[in-house]
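Each chain, letter by letter, is given below.
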Amino acid sequence: AQSVTQLGSHVSVSEGALVLLRCNYSSSVPPYLFWYVQYPNQGLQLLLKYTSAATLVKGINGFEAEFKKSETSFHLTKPSAHMSDAAEYFCAVSAPQGAQKLVFGQGTRLTINP
Amino acid sequence: EPEVTQTPSHQVTQMGQEVILRCVPISNHLYFYWYRQILGQKVEFLVSFYNNEISEKSEIFDDQFSVERPDGSNFTLKIRSTKLEDSAMYFCASSGAGDNSPLHFGNGTRLTVT
């Protein structure tokens with residue numbers, strides 16, 4: 001079974017500052033890991049995914065995440081926040097077989113201060 | 001870029017009524033899904049559908065729920081007799097073949113049961 005914990009339901013950073021959204025997972029098998037973003041009144045958009053290749057994964061909009069097996073973490077980062085990054089971010093895990101059955105974290109709402 | 005489209009964006013219904021939520025997946029995708037998000041809670045997997053049959057379902061997906069692909073383009077979720085606790089955002093998603101194929105989500109239908 002898989003589960004995901006996102007630390008911090010709300011994160012607020014200043015424009016230009018580092019964005020760090022935390023995700024820890026639990027999985028009985030080597031996991032696939034994902035970050036999705038949801039802008040207001042829109043669906044979930046895939047930011048990036050880890051599927052057992054390179055541990056540092058680069059995604060869209062300047063985001064990246066690093067898979068750390070020893071820490072069971074998959075934190076999302078962006079060096080410099082833009083106002084347009086304000087959204088809800090979801091970490092998700094799945095097993096390699098049945099990779100489309102995602103187990104989501106509770107989400108982190110990112111606010112960008114001018 | 002092709003999109004998953006869902007209609008309606010908001011559906012209000014009375015308890016005990018039947019509702020049908022509609023989705024048009026991306027045209028060359030083979031796998032179809034419904035997820036839901038109760039306000040303030042995690043996004044949860046409901047059901048996956050492939051080759052005209054359910055491939056997996058969660059414990060939430062009881063006999064009150066059904067899915068159908070009535071033609072070559074639509075994918076529907078029916079709730080036979082709605083309950084107050086069915087109020088949620090329902091997301092349709094689709095993906096191509098292979099475990100590496102990411103899910104593409106629609107914008108969701110907000111179902112309100114009164």
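Relevant structure appears above.
Right, let's walk through the structure included here. Every value quoted in this text rests on a predicted model; they were computed, and no experiment measured them. (Residues numbered from 1 in each chain as written. Chains lettered and ligands numbered in written order. Predicted model: local features only at pLDDT ≥ 70, side-chain atom pairs only at ≥ 80, totals over all residues. Heavy atoms only, no water.)

1. Some details on the overall build of chain A
Check the secondary structure of chain A and you find zero helices and eleven strands. Starting at the N terminus and ending at the C terminus, chain A contains elements arranged as β-β-β-β-β-β-β-β-β-β-β. Scaling as 2.2 N^0.38, a compact globule of 114 residues should have a C-alpha radius of gyration of about 13 Å, and chain A matches this with 13 Å. Of the roughly 5,200 Å² of accessible surface on chain A, 52% is carried by carbon and sulfur atoms. One way to put it: in chain A the 8 positive side-chain charges average out to a point 8 Å from where the 6 negative ones average out. (Helix = DSSP H or I, 4+ residues; strand = E, 2+ residues; numbered from the N terminus. Rg over C-alpha atoms; globule rule 2.2 N^0.38 Å. Areas by Shrake-Rupley, 256 points an atom, 1.4 Å probe, with all protein chains shown as cover. Lys, Arg positive; Asp, Glu negative; His and termini not counted. Charge placed at Lys NZ, Arg CZ, Asp CG, Glu CD.)

2. What about the overall build of chain B?
A count of helical and extended segments in chain B gives zero helices and eleven strands. Listing every helix and strand of chain B by position from the N terminus yields β-β-β-β-β-β-β-β-β-β-β. For a compact globule of 114 residues, the expected C-alpha radius of gyration is about 13 Å, and chain B comes in at 13 Å, within 12% of that figure. Judged by the C-alpha coordinates and their principal axes, chain B covers about 40 × 30 × 25 Å.

3. Let's talk about the interface of chain B and chain A
Taken together, the contact between chain B and chain A spans 19 residues of the former and 22 residues of the latter. In total, about 1,700 Å² of surface goes out of reach between chain B and chain A, with carbon and sulfur atoms giving 52% of it. In this structure, the connection of chain B to chain A is made through one salt bridge. In this structure, the salt-bridge partner of A:Lys101 is B:Glu56, at a minimum N-O distance of 3.0 Å. Applying the counting criterion to the chain B and chain A interface returns five residue pairs in polar contact (both at pLDDT 80 or more). For the side of chain B that touches chain A, the elements supplying multiple residues, two or more each, are β4 (31-37), β5 (43-50) and β9 (88-95) of chain B. When residues of the side of chain B that touches chain A are assigned to their parent elements, the largest contribution, three residues, is made by β4(B). Of the residues in the side of chain B that touches chain A, the class split is eight nonpolar, eight polar and three charged. (Contact = heavy atoms within 4.5 Å. Buried area = accessible area lost by both parts, 1.4 Å probe. Salt bridge = Lys/Arg side-chain N within 4 Å of Asp/Glu carboxyl O. Polar contact = N/O pair within 3.5 Å; in protein donor to acceptor, adjacent residues only side chain to side chain. Nonpolar A, V, L, I, M, F, W, Y, C, P; charged D, E, K, R; others polar.)

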